[in-house]
Amino acid sequence: MKDTYKRNINYLRISVTDFCNLRCKYCMPEAGVEKMKHCDVLSIEEIVKIAKESASLGIRKVRITGGEPLVRKGIIDLIKGISAIEGIEDIAMTTNGLLLKEYGKELKEAGLKRVNISIDSLDPHRYREITRGGEVEKVLEGIEEALTLGLDPIKLNTVIIGGENEEDIRKLMDLTKVYPIDVRFIELMPIGEASSWSKKHFISNEEIRKRVPELVPQLHETASPAQYYKLPSAKGRVGFIDPISSHFCSECNRLRVTFDGKLKPCLHSSQEIDLLPALREETGSLRELLAQAIASKPEKHFLDTVDYKAITRNMSQIGG
Ligand SMILES: Nc1nc2c(ncn2[C@@H]2O[C@H](COP(=O)(O)OP(=O)(O)OP(=O)(O)O)[C@@H](O)[C@H]2O)c(=O)[nH]1
Ligand SMILES: C[S@@+](CC[C@H](N)C(=O)[O-])C[C@H]1O[C@@H](n2cnc3c(N)ncnc32)[C@H](O)[C@@H]1O
Ligand code: SF4
Ligand code: SF4
């Protein structure tokens, strides 16, 4: 379905939990998040129902995210349920990769096509610092497992924090020389934990690109937030996602659903549409609410304007 700005909305991102087995500094409070009542969280059946109704409105691609989607009970059944929906052509997951070695095979058999794996450092000590306790070795095993299973393409997501993991920029890029994977740099966004951080931690992707002059620009893919480059003779690509310094809003094709059943027309707006009454009390139609979200999708974000107010939810609730 097209929105008011003639963008074709065909991509649904679903956050299936706000729980996580890590506590990345910029994303989650150190103490984690409070447990919500069972009934305040979407059930697996409800998520499948939303995906089904979305498919009838033109959604073709679903991404499962979180929190950490692999700590959600019933995740394999969810992937099975979504892959059985007519019209859904692509099911992907964004994960920290810690549990991929364990669940990769089952996920693939259930219908998962590909994974984006977040990794902010290759150094065990720095990775532990940023994630407050994670073991990078487990993520690397997860990446190997995804390669072995043929989940394709594999994309790594990295957030560079000024003064913290700048040394990893080149090391992470160099992975593209060894593996046929994309390594993408996402600019740190002033959301959640990072909303009150000092400016010195925010490094623009432009600055990162300047530090690696041998990167060669590649053709732009439409509806992808990333701009791609390649290191000479590399197997994979280096991508840059610049939500702050450059808008990809004009090509935006996505809607988001939070783990507690709210539809978000835009990541950087506080506007939310509650789906629970339509799902549970049959007041209102799910289809109409989805159509309403598409119709009310803003033209762009206002992150770079003076009166922008940071959204109050953490990325772990929205799913990035
Ligand atoms: N501002 C903004 N940022 C986004 C949007 N979609 C993704 N991002 C950012 O890009 C990061 C990486 O997103 P992923 O979860 O890997 O998904 P993706 O880039 O859409 O994935 P592909 O389907 O592989 O292109 C997210 O964590 C967000 O930080 C968007 O619509 N708007
Ligand atoms: C919220 S996580 C959810 C999925 C999974 N737990 C993971 O880490 O991939 C999705 C992505 O959001 C990114 N993210 C979280 N907070 C962010 C922030 N303030 N700025 C930029 N990216 C952020 C993470 O680095 C991660 O790549
Ligand atoms: S970025 Fe992902 S792995 Fe890190 S705390 Fe947030 S949800 Fe968890
Ligand atoms: S900021 Fe909003 S409109 Fe822009 S790309 Fe992200 S979700 Fe789409």
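Given the structure is predicted, the values throughout are model-derived calculations rather than measurements. (Residues numbered from 1 in each chain as written. Chains lettered and ligands numbered in written order. Predicted model: local features only at pLDDT ≥ 70, side-chain atom pairs only at ≥ 80, totals over all residues.)

## Here we look at the confidence of the model for the protein chain
Predicted confidence across the protein chain gives a mean pLDDT of 94, with 97% of residues reaching 70 or more. Reported for the predicted complex are a pTM of 0.95 and an ipTM of 0.94. (pLDDT = per-residue confidence, 0-100.)

## Description of the UniProt feature "binding site: GTP" (unreviewed entry) in the protein chain
Per the UniProt record, "binding site: GTP" (unreviewed entry) is found at Arg13, Arg63, Thr94, Lys155, Arg254, Leu255 and Arg256. Counting through the fold element by element, Arg13 comes out in strand E1 (residues 11-15). Setting aside anything within four residues of it in sequence, one finds Arg13 in contact with Arg63, Thr65, Arg254, Arg256 and Gly319. Among the secondary structure elements, Thr94 is positioned in strand E3 (residues 90-95). When the 21 C-beta atoms within 10 Å are taken as the criterion, Thr94 is described as buried. If we ignore the near neighbours within four places in the chain, the residues touching Thr94 are Arg63, Thr65, Asn116 and Gly320. (UniProt positions renumbered as here; feature names shortened; annotations may be inferred. Helix = DSSP H or I, 4+ residues; strand = E, 2+ residues; numbered from the N terminus. Contact = placed C-beta atoms within 7 Å. Buried ≥ 20, exposed ≤ 12 C-beta atoms within 10 Å, placed from the backbone.)

## Description of the packing of helix H1 (residues 44-56) against helix H9 (residues 286-295)
Each pair of packed helices can be described by the angle between their axes along with the distance between the axes. One can describe the packing of H1 onto H9 by two numbers: an axis separation of 10 Å at closest approach and a directional angle of 65°. Handedness of the H1/H9 crossing: right-handed. Touching Ile50, Glu53 and Ser54 of H1 are Leu286, Arg287 and Leu290, all from H9. By residue class, the composition of the contact of H1 with H9 is 3 nonpolar, 1 polar and 2 charged. (Axes fitted to C-alpha atoms, helices over the stretch in contact; angles between N-to-C directions. Left-handed = near helix turned anticlockwise from the far one by under 90°. Nonpolar A, V, L, I, M, F, W, Y, C, P; charged D, E, K, R; others polar.)

## Looking at H9
Among the residues making up H9, those that are buried are Leu286, Leu290, Ala293 and Ile294. Summarising the axial view, the buried residues of H9 lie within an arc of 100°, below the 170-degree limit, and thus occupy one face. For H9, the elements touching its buried residues are H1, strand E10 (254-257), strand E11 (262-264), strand E12 (273-274) and helix H8 (276-281). (Arc of directions from axis to C-beta.)

## A short note on the site of ligand 3
Around ligand 3, the surrounding shell consists of Cys20, Leu22, Arg23, Cys24, Cys27, Met28, Gly66, Gly67, Glu68, Asn96, Ser118 and Ser316. For the shell around ligand 3, the class distribution of residues is 5 nonpolar, 5 polar and 2 charged. (Near = placed C-beta within 6 Å.)

## A look at the sheet that holds strand E9 (residues 238-241)
Hydrogen bonding along the main chain pairs the strands of a sheet, whether they run parallel or antiparallel. With mixed pairing, 12 strands are arranged side by side in an open sheet as E7-E8-E9-E6-E5-E4-E3-E2-E1-E10-E11-E12. Only two strands of the sheet have a single neighbouring strand rather than two, namely strand E7 (216-217) and E12. Looking at chain direction, E10 and E11 are connected through 2 bridges and run antiparallel. Across the sheet, the residue bridging to Arg256 is Lys264, located in E11. Helix H6 (residues 168-178) rests against strand E5 (154-159), strand E6 (182-186) and E9 of the sheet, and its axis sits at about 155° to E6. (Pairing = 2+ DSSP bridges.)

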